[in-house]
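One-letter residues, chain by chain:
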Amino acid sequence: MVIVAHPDDADFGPAATAARWIDEGSVGWLVCCTSGDAGSEDAEMDPLELAVLRESEQQAAADVVGYAGLTFLHQPDGGLANELPLRELLVREIRSFRPDAVLASDPEMIFWQDGGVNHTDHRAAGIAAVDAVYPAARNPMAFPWLVREGLAPHRVRRLYLFWTERANAWMDVSATIDRKIRALRAHPSQIHEPEQLDERVRRRAAEEGERIGAAAGDGFRLVVIDDDDEGPSD
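Residues numbered from 1 in each chain as written. Predicted model: local features only at pLDDT ≥ 70, side-chain atom pairs only at ≥ 80, totals over all residues. Heavy atoms only, no water.

Caption draft 1: How the structure looks around the pairing of strand 7 (residues 217-224). Direction of pairing for strand 5 (residues 158-162) relative to strand 7: antiparallel, over a ladder of 4 bridges. Its bridge partner lying in strand 7, R158 is registered against V224. Pairing between strand 6 (residues 169-172) and strand 7: 4 bridges, direction antiparallel. Paired with M171 across the bridge in strand 7 is D218. (Pairing = 2+ DSSP bridges. Helix = DSSP H or I, 4+ residues; strand = E, 2+ residues; numbered from the N terminus.)

Caption draft 2: Just the nonpolar core, in detail. By size, the foremost hydrophobic cluster in this structure holds 35 residues, and its most contacted members are V2, V4, L30, V65, Y67 and Y160. If you tally residues by element for this core, the top one is helix 2 (residues 15-23), at 6 residues. Listed in part, the 30 residues of the second largest apolar core include A104, A128, V133 and F143. (Core = buried A, V, L, I, M, F, W, Y, C linked by side-chain atoms within 4.5 Å. Buried < 20%, exposed > 50% of the residue type's maximum accessible area, 1.4 Å probe, protein only.)

Caption draft 3: Structural view of the environment of A51. Structurally, the position occupied by A51 is in helix 3 (residues 47-65). Classification of A51 by relative accessible area gives buried; the value is 12%. Considered as a pair, A51 and A205 are 154 residues apart in the sequence and their alpha carbons are 29 Å apart. Ignoring anything within four residues of it in the chain, the contact list for A51 reads S35 and D37. (Contact = heavy atoms within 4.5 Å.)

Caption draft 4: Geometry of the packing of helix 4 (residues 84-97) against helix 5 (residues 120-133). At their nearest, the axes of helix 4 and helix 5 sit 9 Å apart, and the two run at 60 degrees to each other. Put simply, helix 4 runs oblique to helix 5. When you trace helix 4 past helix 5, the crossing you get is right-handed. On the side of helix 4, the interface is formed by L86, R87, L90, V91 and I94, while helix 5 contributes A128, A129, D131, A132 and V133. Looking at side-chain class alone, the contact of helix 4 with helix 5 contains 8 nonpolar, no polar and 2 charged residues. (Axes fitted to C-alpha atoms, helices over the stretch in contact; angles between N-to-C directions. Parallel < 35°, antiparallel > 145°, perpendicular 65-115°, else oblique. Left-handed = near helix turned anticlockwise from the far one by under 90°. Nonpolar A, V, L, I, M, F, W, Y, C, P; charged D, E, K, R; others polar.)

Here's what the structure looks like:
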(Lines give C-alpha, C1' and ligand atoms only; values in the text may rest on other atoms or scores of the structure.)
Protein backbone atom coordinates (compact mmCIF):
# COMPACT_ATOMS: atom_id res chain seq x y z
CA MET A 1 0.00 0.00 0.00
CA VAL A 2 1.23 3.45 -0.93
CA ILE A 3 -0.08 6.33 1.20
CA VAL A 4 0.49 9.89 -0.03
CA ALA A 5 -0.86 13.40 0.46
CA HIS A 6 -1.74 14.46 -3.09
CA PRO A 7 -2.48 13.09 -6.54
CA ASP A 8 0.92 12.79 -8.32
CA ASP A 9 2.91 12.28 -5.06
CA ALA A 10 3.04 8.51 -5.56
CA ASP A 11 4.27 9.03 -9.11
CA PHE A 12 6.95 11.52 -8.13
CA GLY A 13 7.75 9.09 -5.31
CA PRO A 14 7.85 5.27 -5.38
CA ALA A 15 5.95 4.55 -8.62
CA ALA A 16 8.84 2.65 -10.21
CA THR A 17 9.23 0.41 -7.16
CA ALA A 18 5.47 -0.15 -6.97
CA ALA A 19 5.42 -1.08 -10.66
CA ARG A 20 8.29 -3.53 -10.19
CA TRP A 21 6.66 -5.26 -7.23
CA ILE A 22 3.33 -5.45 -9.05
CA ASP A 23 5.07 -6.96 -12.08
CA GLU A 24 6.62 -9.55 -9.75
CA GLY A 25 3.23 -10.61 -8.37
CA SER A 26 2.43 -8.19 -5.57
CA VAL A 27 -0.93 -6.48 -5.37
CA GLY A 28 -0.80 -2.72 -4.82
CA TRP A 29 -3.28 -0.17 -3.53
CA LEU A 30 -2.86 3.60 -3.58
CA VAL A 31 -4.33 5.95 -0.97
CA CYS A 32 -4.39 9.73 -1.59
CA CYS A 33 -5.28 11.70 1.51
CA THR A 34 -6.37 14.77 -0.48
CA SER A 35 -7.64 15.35 -4.00
CA GLY A 36 -5.15 18.13 -4.75
CA ASP A 37 -7.78 20.86 -4.81
CA ALA A 38 -5.20 23.55 -3.93
CA GLY A 39 -2.71 22.48 -6.60
CA SER A 40 -2.98 25.39 -9.03
CA GLU A 41 -1.31 28.75 -9.60
CA ASP A 42 -4.65 30.16 -10.79
CA ALA A 43 -6.59 31.67 -7.88
CA GLU A 44 -9.71 31.73 -10.05
CA MET A 45 -9.69 27.95 -10.47
CA ASP A 46 -12.70 26.21 -8.94
CA PRO A 47 -11.26 23.86 -6.27
CA LEU A 48 -13.97 21.27 -6.86
CA GLU A 49 -13.31 21.20 -10.60
CA LEU A 50 -9.60 20.94 -9.92
CA ALA A 51 -10.18 18.04 -7.52
CA VAL A 52 -12.21 16.16 -10.13
CA LEU A 53 -9.49 16.77 -12.73
CA ARG A 54 -6.67 15.67 -10.46
CA GLU A 55 -8.51 12.56 -9.34
CA SER A 56 -9.00 11.56 -12.98
CA GLU A 57 -5.32 12.18 -13.69
CA GLN A 58 -4.31 10.06 -10.72
CA GLN A 59 -6.60 7.25 -11.81
CA ALA A 60 -4.96 7.26 -15.23
CA ALA A 61 -1.50 7.22 -13.64
CA ALA A 62 -2.52 4.42 -11.25
CA ASP A 63 -3.60 2.35 -14.25
CA VAL A 64 -0.13 2.84 -15.76
CA VAL A 65 1.59 1.65 -12.58
CA GLY A 66 -0.83 -1.25 -12.17
CA TYR A 67 -2.46 -0.68 -8.79
CA ALA A 68 -5.46 -2.88 -8.04
CA GLY A 69 -7.31 0.13 -6.68
CA LEU A 70 -7.17 3.73 -5.56
CA THR A 71 -8.83 5.51 -2.63
CA PHE A 72 -9.25 9.25 -2.12
CA LEU A 73 -9.84 10.33 1.47
CA HIS A 74 -10.94 13.87 0.49
CA GLN A 75 -9.02 15.66 3.22
CA PRO A 76 -8.22 19.39 2.80
CA ASP A 77 -5.31 20.08 0.48
CA GLY A 78 -2.86 22.33 2.32
CA GLY A 79 -4.54 21.59 5.64
CA LEU A 80 -3.81 17.90 6.13
CA ALA A 81 -3.46 17.11 9.83
CA ASN A 82 -2.32 13.97 11.62
CA GLU A 83 -5.36 13.75 13.85
CA LEU A 84 -7.66 10.92 14.86
CA PRO A 85 -10.19 11.31 12.01
CA LEU A 86 -7.44 10.84 9.40
CA ARG A 87 -5.88 8.01 11.37
CA GLU A 88 -9.20 6.20 11.47
CA LEU A 89 -9.59 6.54 7.71
CA LEU A 90 -6.09 5.14 7.16
CA VAL A 91 -6.60 2.29 9.63
CA ARG A 92 -9.79 1.40 7.76
CA GLU A 93 -7.81 1.27 4.49
CA ILE A 94 -5.02 -0.79 6.02
CA ARG A 95 -7.35 -3.29 7.66
CA SER A 96 -9.36 -3.60 4.45
CA PHE A 97 -6.43 -4.14 2.08
CA ARG A 98 -4.13 -5.84 4.67
CA PRO A 99 -0.72 -4.99 3.15
CA ASP A 100 2.59 -6.52 4.20
CA ALA A 101 4.35 -3.21 3.52
CA VAL A 102 3.32 0.43 3.49
CA LEU A 103 5.20 3.06 1.47
CA ALA A 104 4.92 6.65 2.71
CA SER A 105 6.95 9.84 2.72
CA ASP A 106 9.55 10.27 5.47
CA PRO A 107 7.80 12.51 8.02
CA GLU A 108 11.12 13.64 9.53
CA MET A 109 12.14 15.44 6.35
CA ILE A 110 11.51 19.16 6.82
CA PHE A 111 14.49 20.97 5.26
CA TRP A 112 16.35 19.45 2.32
CA GLN A 113 20.14 19.55 2.52
CA ASP A 114 20.38 21.05 -0.97
CA GLY A 115 17.73 23.67 -0.19
CA GLY A 116 13.98 23.85 0.07
CA VAL A 117 11.24 22.87 2.50
CA ASN A 118 9.19 19.68 2.39
CA HIS A 119 5.47 20.41 1.94
CA THR A 120 3.50 20.35 5.19
CA ASP A 121 1.00 17.88 3.69
CA HIS A 122 3.81 15.49 2.78
CA ARG A 123 5.03 15.50 6.35
CA ALA A 124 1.51 15.11 7.73
CA ALA A 125 0.67 12.23 5.41
CA GLY A 126 3.92 10.49 6.32
CA ILE A 127 3.45 10.62 10.08
CA ALA A 128 -0.26 9.83 9.74
CA ALA A 129 0.67 6.69 7.79
CA VAL A 130 3.27 5.70 10.38
CA ASP A 131 0.84 6.20 13.28
CA ALA A 132 -1.90 4.29 11.47
CA VAL A 133 0.46 1.39 10.78
CA TYR A 134 1.83 1.27 14.33
CA PRO A 135 0.19 0.75 16.65
CA ALA A 136 -3.34 1.63 15.52
CA ALA A 137 -3.94 -0.87 12.70
CA ARG A 138 -2.81 -3.81 14.83
CA ASN A 139 -4.52 -2.70 18.04
CA PRO A 140 -8.10 -4.01 18.41
CA MET A 141 -8.81 -1.27 20.95
CA ALA A 142 -8.00 1.45 18.43
CA PHE A 143 -11.29 2.36 16.76
CA PRO A 144 -12.98 -0.80 18.12
CA TRP A 145 -16.09 -0.18 16.02
CA LEU A 146 -14.01 -1.15 12.99
CA VAL A 147 -13.62 -4.63 14.46
CA ARG A 148 -17.36 -4.81 14.92
CA GLU A 149 -17.70 -3.91 11.24
CA GLY A 150 -15.54 -6.92 10.37
CA LEU A 151 -12.21 -5.11 9.94
CA ALA A 152 -9.89 -7.20 12.09
CA PRO A 153 -6.55 -5.80 13.31
CA HIS A 154 -3.70 -6.15 10.85
CA ARG A 155 0.08 -6.12 11.31
CA VAL A 156 2.05 -4.30 8.64
CA ARG A 157 5.54 -5.77 8.73
CA ARG A 158 7.56 -3.02 7.02
CA LEU A 159 7.52 0.69 6.31
CA TYR A 160 9.35 2.01 3.25
CA LEU A 161 9.78 5.77 3.64
CA PHE A 162 10.56 7.70 0.46
CA TRP A 163 11.64 11.33 -0.08
CA THR A 164 14.27 10.76 2.58
CA GLU A 165 17.89 11.67 3.16
CA ARG A 166 18.34 8.65 5.42
CA ALA A 167 17.97 5.85 2.88
CA ASN A 168 19.18 2.43 3.96
CA ALA A 169 17.55 0.25 1.29
CA TRP A 170 17.54 0.55 -2.49
CA MET A 171 15.43 -1.05 -5.22
CA ASP A 172 16.57 -1.71 -8.77
CA VAL A 173 13.94 -0.04 -10.96
CA SER A 174 15.81 -0.19 -14.24
CA ALA A 175 12.94 -2.15 -15.82
CA THR A 176 10.18 0.19 -14.60
CA ILE A 177 11.60 3.72 -14.65
CA ASP A 178 9.84 4.29 -17.98
CA ARG A 179 6.51 3.39 -16.30
CA LYS A 180 7.17 6.00 -13.62
CA ILE A 181 7.70 8.63 -16.31
CA ARG A 182 4.55 7.55 -18.16
CA ALA A 183 2.62 7.79 -14.89
CA LEU A 184 3.96 11.30 -14.29
CA ARG A 185 2.90 12.35 -17.77
CA ALA A 186 -0.67 11.42 -16.82
CA HIS A 187 -0.71 14.58 -14.66
CA PRO A 188 -0.74 17.34 -17.31
CA SER A 189 -2.31 19.85 -14.92
CA GLN A 190 0.87 19.63 -12.83
CA ILE A 191 3.55 18.79 -15.41
CA HIS A 192 4.31 21.79 -17.62
CA GLU A 193 7.75 20.86 -19.00
CA PRO A 194 7.60 17.07 -19.39
CA GLU A 195 10.88 16.71 -21.27
CA GLN A 196 12.83 18.49 -18.54
CA LEU A 197 11.03 16.43 -15.93
CA ASP A 198 11.94 13.20 -17.74
CA GLU A 199 15.60 14.19 -17.65
CA ARG A 200 15.48 15.09 -13.97
CA VAL A 201 13.70 11.86 -13.00
CA ARG A 202 16.17 9.72 -14.93
CA ARG A 203 19.15 11.57 -13.47
CA ARG A 204 17.90 11.11 -9.92
CA ALA A 205 17.14 7.43 -10.52
CA ALA A 206 20.62 6.92 -11.97
CA GLU A 207 22.18 8.47 -8.86
CA GLU A 208 20.21 6.15 -6.59
CA GLY A 209 20.93 3.18 -8.84
CA GLU A 210 24.69 3.70 -8.50
CA ARG A 211 24.36 2.62 -4.87
CA ILE A 212 23.50 -0.91 -5.97
CA GLY A 213 25.14 -1.06 -9.38
CA ALA A 214 21.87 -0.58 -11.27
CA ALA A 215 20.96 1.73 -14.12
CA ALA A 216 18.10 3.18 -12.04
CA GLY A 217 17.11 2.90 -8.41
CA ASP A 218 14.76 4.06 -5.68
CA GLY A 219 16.07 4.76 -2.19
CA PHE A 220 14.03 4.19 0.97
CA ARG A 221 14.36 4.49 4.71
CA LEU A 222 13.32 0.96 5.64
CA VAL A 223 11.75 0.41 9.04
CA VAL A 224 11.27 -3.26 9.95
CA ILE A 225 8.44 -3.67 12.44
CA ASP A 226 8.12 -7.47 12.40
CA ASP A 227 10.92 -9.70 11.11
CA ASP A 228 9.85 -12.32 8.61
CA ASP A 229 11.53 -15.12 10.58
CA GLU A 230 10.25 -14.06 14.00
CA GLY A 231 6.92 -13.69 15.69
CA PRO A 232 5.32 -10.25 15.72
CA SER A 233 6.47 -7.71 18.29
CA ASP A 234 4.33 -5.32 20.31
